[in-house]
Amino acid sequence: MAEGAPQLDETQESATVVVIGAGPAGLTVASLLRRCGVDCVVLERRSREHVAQRQRAGIVEARAVRMFESWGLADLVLGGPPHDGILEFRVDGESHLVDDSDGSEGPGARLCPQQVLVQKLTAAHLADGGDLRYEAADVTLHDLTGERATVRYRAADGTPHAITCAFVAGCDGEHGVTRTAVPDGHLTAHPLDYGISWLTVLADAPPPAHPLLAVSPQGFAAHFPRGPHSSRYYLQCPPDDDLGAWSDARIWDALRTRLADPALTAGPVTDRETFRLRGLVNDPMQYGRLFLVGDAAHIVSPMGGKGMNLALYDADLFARAVRDHARDGDDTALRTYSERCLRRVWSDQEFSHWLTRTVHDAGDATHCGPFLHRLARARLDRLFSSPAAGRAFAELMTGLDPAQDRPASTAR
């Protein structure tokens, strides 16, 4: 039997939307669709326990907080304290506090680790009667350009299922099945390798007073809160560095040096990994009845905290587009989904690129050379001394776009 072909014993089902992936993007799509009365099924290949523990982003930007508020979900899904709007840059040991609040009315960013957001979205979705299926294996997509698409998968108990649907939301990340379901020639990938790697460390150690970015000749380092008694640290390291070479002692020595904090309190390291900084944009973000959401469509350098927040933006646009289709028969937002998403994607990619290159080139000049090193130092000096530069930085950090963000009408 051909792969993905109908099976005599498969369970036949129907839904308006099938959501592939139960991370922040997929769960947000599903929760928003439930809020406007659109039925959906969420398929996730991993177990609930695995998904709930994935450590990634830690800040929900102000725009995303206001998006959740507009749907009546903020109190249900956002954990963690408000971000106080202050970001510390420490350059050669000298502290510079930058206000990353844009001064607009309404709530600001929230310190909300990805796993906390996922856990709360999961609980809220299930409490609302949502259909969320874990350990869905062998997912395949069919008839994406037809009248109805079909998603086939095998349930945890081995039962084959086929779900026909009006739309598929591809929220399963860069290596998921949805992006690869698009035939060759219909997507253009725009990749960028920064030639930089980070060692990321999660530890049971006191969080900083403010999120901290440190620039020094020894390399970039950062210190972010991940809870009242835990922190996440980042250390610039050579590309493809050996994780095994980073003992606990070496990690804490490097952090104390680069953060210019000899008295930095150490704690048990609970997780560590190395990864390369890169960017990727797939254009367009839709193919027939398939709409790519979040990391399935784009990858952003961690600088600026845009990855998860872009996924939340995509989810909001997609849910509103499906709502318009179901409620009003208006397909305008569906047709323009990719164009609208990509405008913000490229804006956030530019900001992330600017910040990534600035904090790395301003530190260790070995790879960038003296000219780019001096340019990066000039950019930091302008940020610290120019109110106009500070306001532009804050606008980009909060995620508010004056050209696109208008007061949200009621999501229902």
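Computed from a predicted structure; not experimentally measured.

A count of helical and extended segments in the chain gives 12 helices and 18 strands. A globule of 412 residues ought to have a C-alpha radius of gyration of about 22 Å, and the chain, at 22 Å, matches this closely. Along the three orthogonal principal directions, the C-alpha set of the chain runs to about 65 × 45 × 40 Å. Out of the 412 residues in the chain, the part that is buried amounts to 53%. Residue pairs at least 24 apart in sequence account for 72% of intrachain contacts in the chain once pairs closer than 6 positions are excluded. Computed over 42 positive and 55 negative side-chain charges, the inter-centroid distance for the chain is 2 Å.

The contact between helix α10 (residues 337-361) and helix α11 (residues 369-385) brings their axes to 8 Å, and the two run at 110 degrees. Classed by the angle they form, the pair α10 and α11 counts as roughly perpendicular. The interaxial crossing formed by α10 with α11 has left-handed handedness. Where α10 abuts α11, its residues Trp354, Arg357, Thr358 and Asp361 lie against Leu372, His373, Ala376, Arg379 and Leu380.

Right, let's talk about the pattern of salt bridges for a bit. This structure, assessed with the given rule, holds 17 salt bridges. Put simply, Glu61 and Arg63 hold a salt bridge, and the shortest N to O gap is 3.5 Å. In this structure Arg63 comes out as buried when scored by relative accessible area, which is 6%. Its salt-bridge partner being Arg320, residue Asp316 comes within 2.8 Å of it at the nearest N-O pair. Taken as a pair, Asp316 and Arg320 lie in helix α8 (residues 307-328) at a separation of 4 residues, close to a single helical turn. The buried category is assigned to Asp316, whose relative accessible area is 9%.

In protein chemistry, a disulfide is the covalent bond that joins the sulfur atoms of two cysteines. Within this structure, the stated rule accounts for 0 disulfides. Cys40 takes part in no disulfide bond, and the closest cysteine sulfur, belonging to Cys36, lies 9.3 Å away. Given a relative accessible area of 7%, Cys40 falls into the buried group.

A few words now on the nonpolar core. If you look at the biggest cluster of nonpolar residues, it comprises 79 residues, and the most contacted ones within it are Val17, Phe68 and Leu117. Sort the elements by how many residues they give to this core and α8 lands first, with 11 residues. Setting aside residues up to four positions removed in sequence, Val17 forms contacts with Leu33, Val38, Asp39, Cys40, Val41, Cys165, Phe167, Ala169, Phe318 and Val322.

This brings us to the environment of Tyr287. Within the element layout of this structure, Tyr287 appears in strand β16 (residues 286-287). If sequence neighbours within four positions are ignored, Tyr287 has contacts with Leu144, Thr145, Val182, Pro183 and His186.

Looking now at helix α7 (residues 248-258). One turn of the α-helix equals 3.6 residues, which is why residues spaced by three or four share an orientation. Listed in full, the buried residues belonging to α7 are Ile251, Trp252, Ala254, Leu255 and Arg258. Mapping the buried residues of α7 onto a view down its axis gives an arc of 160 degrees, with all of them on the same face. The inward-facing, buried residues of α7 abut β11 (188-203), β12 (212-215), β13 (221-225), β14 (231-237) and β15 (269-283). Immediately downstream of α7, the backbone of Ala260 shows phi near 55 degrees, a positive value.

The predicted model of the chain averages 91 in pLDDT, with 92% of residues at 70 or higher. In this model residues 406-412 is a low-confidence stretch, pLDDT under 50, and it forms 11 contacts with partners more than four residues away in sequence or in other chains.

Applying the stated criterion across every chain yields a total of 14 aromatic pairs. Between Trp198 and Phe275, the aromatic rings sit 6.0 Å apart at their centres with planes inclined by 70 degrees, giving edge-to-face as the arrangement. Separated by 77 residues along the polypeptide, Trp198 in strand β11 and Phe275 in strand β15 bring together distant segments of the chain. By relative accessible area, which is 2% here, Trp198 ends up buried. For Phe275, a relative accessible area of 25% puts it in the partly exposed group.

Cut-offs applied
- Every chain is numbered independently, its residues counted from 1 as its sequence is written.
- pLDDT decides what is reported in this predicted model: residues at 70 or higher carry local features, side-chain atom pairs at 80 or more are listed and counted, and totals for whole chains, interfaces and linings draw on all residues regardless.
- Side-chain numbers come from the whole structure's heavy atoms, not from hydrogens or water.
- For helices the rule is a DSSP run of H or I covering at least 4 residues; for strands it is a run of E covering at least 2, with both sets numbered from the N terminus onward.
- What the globule rule says is 2.2 Å times the number of residues to the power 0.38, and the radius of gyration is computed from C-alpha atoms.
- Residue exposure (1.4 Å probe, protein chains only): buried if accessible area is under 20% of the type maximum, exposed if over 50%, otherwise partly exposed.
- What makes two residues a contact is simply this: any of their non-hydrogen atoms within 4.5 Å.
- For the purpose of charge, His is not counted, nor are the chain termini; Lys and Arg are scored as positive and Asp and Glu as negative.
- Charge positions come from single atoms, namely NZ of Lys, CZ of Arg, CG of Asp or CD of Glu.
- Here the axes come from fitting lines to C-alpha atoms, over the contacting stretch only for helices, and the angles between their N-to-C directions go from 0 to 180 degrees.
- An angle counts as roughly parallel when it lies under 35 degrees, as roughly antiparallel when it exceeds 145, as roughly perpendicular when it falls between 65 and 115, and as oblique in every other case.
- For any pair of crossing helices, the crossing counts as left-handed if the nearer helix is rotated counterclockwise from the farther one by less than a right angle, and right-handed if it is rotated clockwise.
- The salt bridge definition used is simple: a Lys or Arg side-chain nitrogen within 4 Å of an Asp or Glu carboxyl oxygen.
- To count as a disulfide, a pair of cysteine sulfur atoms needs to be within 2.5 Å.
- Among buried residues, the Ala, Val, Leu, Ile, Met, Phe, Trp, Tyr and Cys ones that are joined through side-chain atoms within 4.5 Å form a nonpolar core.
- An arc is given here, and it is the one of the directions from the helix axis to the C-beta atoms.
- pLDDT is a residue-level measure of predictor confidence that goes from 0 to 100.
- By convention, a stacked pair of Phe, Tyr or Trp rings (six-membered ring in the case of Trp) has centres within 6.5 Å and planes under 30 degrees apart, an edge-to-face pair has planes over 60 apart, and any other such pair is tilted.

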